[in-house]
Amino acid sequence: MSRIALVVGATGIVGQTLAARLLADGWVVYGLARRPRTDVTGVLPVAADLLDPAGLRTALAGLRPSHIFFCSWLPQATEAENCRVNSAMIRNLFAALPAPDAVEHAALTTGMKHYLGPFESYASGAPPQTPFREDRPRLPLENFYYAQEDALYAAARQHGFSWSVHRPHTVIGYAVGNAMNMGSTLAVYASLCRETGRPFVFPGSPMQWHGLTDLTDARQLARQIVWASTTAAGRNEAFNIVNGDVFRWKWLWPQLAAWFGLEAAPYPGEATPLAPKLAQDEALWDSLSAKYGLAEPDLTRLASAWHTDADLGRPVECVTDMTKSRLAGFTDYCATPASFFDLFARMRADRLIP
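Residues numbered from 1 in each chain as written. Predicted model: local features only at pLDDT ≥ 70, side-chain atom pairs only at ≥ 80, totals over all residues. Heavy atoms only, no water.

Asks: Please clarify how the sheet that holds strand E3 (residues 43–47) should be interpreted in this entry.
Replies: The strands that make up a sheet pair up through hydrogen bonds in the backbone, lying either parallel or antiparallel. Spatially, E3-E2-E1-E4-E5-E6-E10 is the arrangement adopted by the seven strands of the open sheet, whose pairing is parallel. Each edge of the open sheet carries a strand with a single partner, namely E3 and strand E10 (237–241). In this sheet, neighbouring strand axes are inclined to one another by 20° on average, regardless of whether the strands run parallel or antiparallel. Taken together, the five bridges between strand E6 (residues 162–168) and E10 define a ladder with parallel strand orientation. By the bridge assignment, Ser-164 is partnered in E10 with Glu-237. The sheet contacts of helix H2 (residues 53–60) involve strand E1 (4–8), strand E2 (28–33) and E3, and relative to E3 the element is tilted by about 150°. (Pairing = 2+ DSSP bridges. Helix = DSSP H or I, 4+ residues; strand = E, 2+ residues; numbered from the N terminus. Axes fitted to C-alpha atoms, helices over the stretch in contact; angles between N-to-C directions. Contact = heavy atoms within 4.5 Å.)

Asks: Mind showing me how you'd approach the environment of Arg-64 here?
Replies: Here Arg-64 lies in the loop between H2 and strand E4 (67–70). The exposure class assigned to Arg-64 is exposed, which follows from its relative accessible area of 54%. Setting aside residues up to four positions removed in sequence, Arg-64 forms contacts with Ile-4, Ala-99 and Ala-102. (Buried < 20%, exposed > 50% of the residue type's maximum accessible area, 1.4 Å probe, protein only.)

Asks: Got a minute to help me understand empty space enclosed by the protein in this structure?
Replies: Over the atoms rolls a probe the size of a water molecule, and its path tells where empty space is left. Tallied over the entire structure, the rule returns two cavities of 30 Å³ or more. Here the largest cavity is characterised by a volume of approximately 50 Å³. As for the largest cavity, its lining consists of His-169, Thr-170, Met-182, Gln-208, Thr-213, Asp-214, Leu-215, Trp-249, Asp-311, Leu-312 and Arg-314. Across the lining of the largest cavity, the residue classes break down as four nonpolar, four polar and three charged. Looking at the second largest cavity, its volume works out to about 30 Å³. Around the second largest cavity, the lining residues are Ile-68, Phe-70, Ile-90, Phe-94, Ala-107, Leu-108 and Leu-152. (1 Å grid on protein atoms, 1.4 Å probe; cavity = no way out; pocket = protein on both sides within 12 Å on 5 of 7 lines; lining within 4 Å. Points joined across faces, edges and corners; volume = space filled by probe spheres on them. Nonpolar A, V, L, I, M, F, W, Y, C, P; charged D, E, K, R; others polar.)

Asks: Got a minute to help me understand the layout of surface pockets in this structure?
Replies: Here the largest pocket defines a volume of roughly 1300 Å³. If you go around the largest pocket, you meet 49 residues; those closest to its centre are Gly-12, Cys-71, Trp-73, Asn-178 and Ala-179. Mapped onto the lining of the largest pocket, the elements with two or more residues apiece are helix H1 (13–24), E2, helix H4 (113–116), helix H5 (144–159) and helix H12 (305–312). The dominant element in the lining of the largest pocket, judged by the number of residues it contributes, is H1, at four residues. Grouping the amino acids of the lining of the largest pocket by side-chain chemistry returns 26 nonpolar, 15 polar and eight charged. Of the voids in this model, the second largest pocket is the one considered here, and its volume is about 490 Å³. Lining the second largest pocket are 27 residues, with Gln-16, Thr-17, Ala-20, Tyr-174 and Arg-346 sitting closest to its centre. Elements supplying a minimum of two residues to the lining of the second largest pocket: H1, E2, helix H8 (218–230) and helix H14 (336–349). With six residues, the top contributor of residues to the lining of the second largest pocket is H1. For the lining of the second largest pocket, the per-class residue count stands at 14 nonpolar, six polar and seven charged.

Read these as spatial facts, not as claims about activity.
See the structure below:
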């Protein structure tokens, strides 16, 4: 009997890559989003708003997924609202399913804010102990990741399915219009520097420039999610997920520059955020798009400078431990430079960058 997946948030970095992985493995895949893509061969689109219970019930009528993959969140003005809204989306989903007891497993993607705190108090206070490990207690703060987890646990108890939680670091992958997309943001930044002759300056903090860190390829994340959802060792567990290597930005930055035919500029010794720079470049990107016949003239659909600034501007070290899932049997690995280079090549092939 075929495994039937419902990927919630199917147009994002995680959801798109996960859907492709599931299709390659022979799953039946439904992709839920408010505005689902209809041009992805094999993904059956489901148009629904997770905050509209009645509409959600109608959209899901007749669907009996064996596996739920929740890869969606909706940013709000405060963390209290983040908690309320994003946990409600999970509760609404399971309440709307016509046969929730038919679900075998549900996987939730969260992230490093589990250890670093929410946006309102992100990486503030006492420096967190690294490497991040899954058995660390929750921070004494409101955090919508915790609220999402609690909603998932409650649904699992009620309907009798197993669950897994996946905590990636910054995800590098392909998506247009995504709210948090470092890889695409840096590709736009480098393209503008090459076009204008501006210096390609690392915009982050001294700690991020000099210190060790790691990242998560969306394909690596997808592999772990599928593994946990189909393996006894992955049931009812939370797992960190990163590529498996560690690096320093001062080592990687010249490699990213070279891919675009640039020289990496000397590090200025302090953060020089991207957001104010790219905010002035929307018209420039529009003209650059016309010049090179690019497919997306709207810079804001490719670059999320606020998110890249938040990640690269952290004043704390970020290193993630992968021992738990490795001992459980997930041993996949991905080299971080290739995460960027593969993304850049795909963006160029799709005429998203010149």
